[in-house]
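Residues per chain are reported as follows:
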Amino acid sequence: MIAKGAYLARMGDCVACHSVPDGKPFAGGLAMATPMGTIYSSNITPDRQTGIGAYSLQAFARAVREGRLPDGTHLYPAMPYASYAKISDDDIRALYAYFMQGVGPVNLASKPAEMRFPFGIRKLMSVWNLAFYDASDFDDKASENAQIARGAYLTEGLAHCGACHTPRGFGQQEKGLTGKDPDFLTGASVEGWTAPALRAKDGPGVGTWSAQDIADLLLSGRSVHSGVTGPMTDVIANSTQYASREDAMAMAAYLKSLPSGATKDAAPKFVASDQTANDLRNGITRTLGARLYVDNCAACHRSSGSGEKSAFPALAGNPLVLADDPSSLIHVILAGATLPSTQAAPSDLGMPHFAGRMNDDETAELATFVRSAWGNKAAAVNASQVAAVRKTLPASITKQVAEQDHK
Ligand code: HEC
Ligand code: HEC
Ligand code: HEC
């Protein structure tokens, strides 16, 4: 039971929000900025005084699935209870057993939220819940196919993939919580990155992958098409790499089963073409962007834009490259990226950062080239878009760039 609960806690990625870097697992304290103010995750270790040690099974179930504390206080939806509402009674029991008996108690008081008026009034959350939250939404008989039903259970519920991949509405609510909602998993922007559409019929990218490719990505952080970057790296490192192959395949099969969503693009964003590869191999570089690509990128990502299997992601037809919002692409070029080291693929392959090597105009030219080469069809990038992303780079990168400039 405890082992099962530990597995489910991985699938729910509880540790991602309920720990701080270098802190004790599940002791909470992670600051989460929301448009309504800053929220801190709680201590969910079994410490009786500062954690959830005094919680009954019922109290635990209510907090996780309904966002209510034992005294009735409402939690903010930064805790993804709207998705967790789908967790079965059996799985709640296993999670409870794990948190009570498999996790060590840590005595550390949770920090109160710092919300802007009127959001500090937790009672308002009952209005939010009435408007946006519907536990009955989930239908575990949604599919006749047992594998797809299991995939729906995990993807819509515990794994809360929609928290990042579903667009949010005016109340910060996810605009859909199940596959029946046309907005569910149609892509969204998170922390300056673009989480692409996962609905299998909606290209580019994931929509055209096989279930096997999607499962590979979840288990190892890479597939024959691409590798992950940004917030998805943590999802894989903390959570999906530990999925059983059956569960990873179930999530993939579920994604493949979803019909087109609300935001399906009218025109395909990628139609493979040999033109760019032939030009580059023959030394034909018509634009500054193409020249920058040959000098800085082709060694790893190749003239063909097809990368190197399981090492360097393909840029041709890549969803991150083709996203309407180019922020993720700009972010990767400026800040570089490291593939997560996973059980299935242990290395830490990296891409260097280019923030110090290219100015905003050059970065925009290069990004525009990458978004239009090899049959990619995405809008051009301008220097002000690059400048906006540059402002969000982590201090570790800006410091290295400043040191390079100094030399
Ligand atoms: C996306 C971030 C996120 C994830 C993932 C997450 N939580 Fe939370 N959780 C929070 C935040 C933030 C709070 C505090 C909310 C508040 O103060 O209103 C919270 C509060 C709680 C509480 C209430 C504790 C108390 O007494 O204050 C429990 C219990 C809890 N989470 C359990 C879990 C479990 C179990 C999982 C995994 C299945 C999980 N959480 C995953 C963000 C998260
Ligand atoms: C914390 C936010 C977050 C959560 C939760 C999340 N994702 Fe992602 N995901 C992202 C971002 C951002 C990207 C874009 C970066 C990239 O493509 O590597 C992404 C990319 C992806 C991709 C495309 C990868 C590629 O290389 O093109 C797949 C497939 C994916 N996610 C599946 C999932 C599934 C399935 C879940 C639930 C188990 C999930 N994601 C949960 C943020 C998230
Ligand atoms: C030394 C080899 C190397 C060089 C040079 C390099 N990259 Fe990368 N690149 C990688 C690796 C490895 C990854 C995978 C890292 C990850 O996704 O976390 C990657 C990832 C990417 C991604 C994200 C793909 C995805 O699906 O998440 C993009 C976009 C990208 N590179 C573009 C470029 C561009 C443009 C240049 C030239 C400025 C460049 N790279 C130079 C090795 C390299």
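Residues numbered from 1 in each chain as written. Chains lettered and ligands numbered in written order. Predicted model: local features only at pLDDT ≥ 70, side-chain atom pairs only at ≥ 80, totals over all residues. Heavy atoms only, no water.

Turning to the overall build of the chain, a few remarks are in order. For the chain, the count of helices and strands is 19 helices and seven strands. Each of the 407 residues in the chain was classed as buried or not, and the buried ones make up 49%. Excluding contacts between residues fewer than 6 apart, the proportion of contacts in the chain whose partners are at least 24 apart in sequence is 64%. When the accessible surface of the chain is split by element, carbon and sulfur atoms take 55% of a total near 19,100 Å². Taking the average place of the 37 positive charges on the side chains of the chain and the average place of its 39 negative ones, the gap between the two points comes to 1 Å. (Helix = DSSP H or I, 4+ residues; strand = E, 2+ residues; numbered from the N terminus. Buried < 20%, exposed > 50% of the residue type's maximum accessible area, 1.4 Å probe, protein only. Contact = heavy atoms within 4.5 Å. Areas by Shrake-Rupley, 256 points an atom, 1.4 Å probe, with all protein chains shown as cover. Lys, Arg positive; Asp, Glu negative; His and termini not counted. Charge placed at Lys NZ, Arg CZ, Asp CG, Glu CD.)

His 165 (NE2) and Met 232 (SD) make up the full set of protein donors to the iron atom of ligand 2, lying at 2.0 to 2.2 Å. Coordination at the iron atom of ligand 2 is octahedral, judged from the six donor atoms that bind it and the angles of 87 to 179° they form at the metal. You can see His 165 sitting in helix 8 (residues 162–165) and its partner Met 232 sitting in helix 10 (residues 231–238), a full 67 residues away along the chain. Judged by relative accessible area, Met 232 falls into the partly exposed class, the value being 22%. (Donors = N, O, S within 2.8 Å, 3.2 Å for Na, K, Ca; no water. Tetrahedral: all angles 85-135°; square planar, octahedral: opposite > 155°, others 65-115°.)

Once that is clear, we can look at the UniProt feature "binding site: heme c 3" (unreviewed entry) in the chain. Following the UniProt record, the feature "binding site: heme c 3" (unreviewed entry) maps to Cys 297, Cys 300 and His 301 here. On the basis of relative accessible area, Cys 297 is assigned to the buried category, the value being 13%. Excluding anything up to four places from it in sequence, Cys 297 contacts Leu 292, Arg 302 and Leu 366. With respect to the secondary-structure elements, His 301 resides in helix 14 (residues 298–301). Those residues in contact with His 301 that lie beyond four places of it in its chain are Tyr 293, Ser 306, Gly 307, Phe 312, Pro 313, Leu 315 and Met 351. (UniProt positions renumbered as here; feature names shortened; annotations may be inferred.)

Across four bridges, strand 1 (residues 31–34) lies against strand 2 (residues 37–40) in antiparallel orientation. By the bridge assignment for strand 2, Ala 31 is matched with Tyr 40. Joining the antiparallel neighbours strand 1 and strand 2 is a turn of two residues. Examined bridge by bridge, strand 2 and strand 3 (residues 114–115) share two bridges and lie antiparallel to one another. Each bridged residue has a counterpart across the sheet, and for Gly 37 the counterpart in strand 3 is Met 115. (Pairing = 2+ DSSP bridges.)

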